[in-house]
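Chain and residue survey
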Amino acid sequence: MKNESARANLHVHYSADLYDRYSERFLNWYDDFMIRRLVFEFRGHPLGGILVDVGTGTARLLLKMARRPELEALRFIGTDYFPDMVELAARNARESGLAGRVEILHADVHALPFPDQSAFVVISRSTLHHWAKPVAALREIYRVLQSGGLALIHDVRRDSVPQAMREFNHLRQVAGVEPSRLEEKYTTEEIRSFIAEAGLEKRCMISAPMRGPASLGIELRIVK
């Protein structure tokens, strides 16, 4: 198992501008999947309060969410550790006319600037492998979730299905982005061990499909 204490928060290996173009033009399928997951989770129930996107990058997903009528009762907050991402995310929010609905904060997942039980939903995509201390980060996400709240955490896993990874890397090549660095990712069992060490085994459902596009990654569904 990887020693998380030896890691630092990992930046993406290309500029914020390139990441922004990649996420805006090539990740619509991923955005739509996350939105469908969220809407499905709360089908038939009122959806309101604060949604925090941890590791929001340049906020393209949050801006798309803010335009969806079924999510209009949510207040959106995006956090990122890296100043270049924060700057571009804030600019995107202003230029989209959605700065009043989407707030961008410079923050570390290990010390989120929110009170206990303040967020109705926490989401995080392709970020777990960027966290210096995944166990501490998971505990922090759980801390800020309100009772009845939900966290959905997605990431690419090192033991993903090879065909799914080949297709993903082909997409990245077309986008002008380097292949995914699997050596930086975690396996399903490593992630299970983080959940156990964080004391969240009874609160977390782990999904690591072996078929279809989702076989690229893993989902952590944490309820409080």
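Refer to the structure printed above.
Residues numbered from 1 in each chain as written. Predicted model: local features only at pLDDT ≥ 70, side-chain atom pairs only at ≥ 80, totals over all residues. Heavy atoms only, no water.

1. What to know about the packing of helix 1 (residues 16-26) against helix 2 (residues 28-41)
Remark: helix 1 packs on helix 2, axes separated minimally by 5 Å, with the N-to-C direction vectors making an angle of 65°. Between helix 1 and helix 2, the angle falls in the class roughly perpendicular. Of helix 2, the residues touching helix 1 (which contributes Ser23, Glu24, Arg25 and Phe26) are Asn28, Trp29 and Asp31. Class assignment for the residues of the contact of helix 1 with helix 2 results in two nonpolar, two polar and three charged. (Axes fitted to C-alpha atoms, helices over the stretch in contact; angles between N-to-C directions. Helix = DSSP H or I, 4+ residues; strand = E, 2+ residues; numbered from the N terminus. Parallel < 35°, antiparallel > 145°, perpendicular 65-115°, else oblique. Contact = heavy atoms within 4.5 Å. Nonpolar A, V, L, I, M, F, W, Y, C, P; charged D, E, K, R; others polar.)

2. Quick notes on the nonpolar core
Val122, Trp131, Leu138, Leu220 and Ile222 are the most contacted members of the largest nonpolar core, which has 30 residues in total. Going through the elements one at a time, strand 1 (49-54), strand 4 (119-125), helix 5 (134-144), strand 5 (145-156), helix 7 (188-197), strand 6 (204-207) and strand 7 (217-223) are the ones with two or more residues in this core. Once residues within four sequence positions are removed from consideration, Leu220 is found in contact with Leu128, Leu138, Ala151, Leu152, Ile153, Ile191, Ile195, Cys204, Met205 and Ile206. Ranked by size, the runner-up nonpolar core spans 26 residues in total, among them Met65, Val86, Ile104 and Phe120. (Core = buried A, V, L, I, M, F, W, Y, C linked by side-chain atoms within 4.5 Å. Buried < 20%, exposed > 50% of the residue type's maximum accessible area, 1.4 Å probe, protein only.)

3. Quick look at the side chain of Glu219
Looking at the secondary structure, you find Glu219 in strand 7. For Glu219, the side chain forms a polar contact with the side chain of Arg37, separated by 2.8 Å. At 2.7 Å, the side chain of Glu219 forms a polar contact with the side chain of His154. When near neighbours in sequence (up to four residues on either side) are disregarded, Glu219 contacts Arg37, Leu152, Ile153, His154, Met205, Ile206 and Ser207. (Polar contact = N/O pair within 3.5 Å; in protein donor to acceptor, adjacent residues only side chain to side chain.)

4. Details of the pattern of salt bridges
Scanning all chains against the criterion turns up 17 salt bridges. Here Arg60 ties to Glu24 by a salt bridge, and the two come within 3.6 Å at their closest N and O atoms. Of the two residues, Arg60 sits in helix 3 (residues 60-66) while Glu24 sits in helix 1, which places them 36 residues apart along the sequence. With a shortest N-O distance of 3.7 Å, Lys64 and Asp32 are connected by a salt bridge. You can see Lys64 sitting in helix 3 and its partner Asp32 sitting in helix 2, a full 32 residues away along the chain. Looking at Asp32, the relative accessible area reads 29%, which means it is partly exposed. (Salt bridge = Lys/Arg side-chain N within 4 Å of Asp/Glu carboxyl O.)

5. Remarks on the sheet that holds strand 6
Taken in spatial order, the seven strands line up as 3-2-1-4-5-7-6 in an open sheet, and their pairing is mixed. The sheet is open, and its two edges are formed by strand 3 (102-106) and strand 6, each paired on a single side. On average, each strand axis in the sheet is tilted by 15° relative to the strand beside it, whichever way the strands run. With respect to the sheet, helix 5 is in contact with strand 4, strand 5 and strand 7, its orientation differing from that of strand 5 by roughly 145°. Across the sheet, helix 7 lies against strand 6 and strand 7, angled at about 15° from strand 7, the strand it touches most. (Pairing = 2+ DSSP bridges.)

6. Side note on the pairing of strand 3
Across five bridges, the pairing between strand 2 (residues 74-80) and strand 3 is parallel. In the sheet register, Gly78 faces strand 3, and the bridge partner there is Ile104. The handedness of the strand 2 to strand 3 crossover, carried by helix 4 (residues 83-95), is right-handed. (Right-handed = clockwise from strand over helix to strand, strands pointing away.)

7. Digging into unusual backbone geometry
Look at Gln117: it is not a glycine, yet its phi comes out positive at around 55°. Backbone geometry places Ser126, a non-glycine residue, at a positive phi of 55°. Its place among the elements puts Ser126 in the loop between strand 4 and helix 5.

8. Brief notes about the pairing of strand 1
Bridge analysis of strand 1 against strand 2 gives six bridges, and the strand direction is parallel. Each residue of the ladder has a partner; that of Val52, found in strand 2, is Ile77. The β-α-β motif built from strand 1, the intervening helix 3 and the parallel element strand 2 has right-handed crossover chirality. Sheet topology note: the strand 1/strand 4 ladder contains three bridges and is parallel. Bridge pairing in strand 4 places Leu51 opposite Val121.

9. Structural notes on helix 4
End to end, helix 4 covers 18 Å across 13 residues, agreeing with the expected 18 Å (1.5 Å per residue, within 8%). All of the buried residues along helix 4 are Met85, Val86, Leu88, Ala89, Asn92 and Ala93. Where helix 4 is buried, its residues meet helix 1, helix 3, strand 2 and strand 3. (Expected span 1.5 Å × (residues − 1).)

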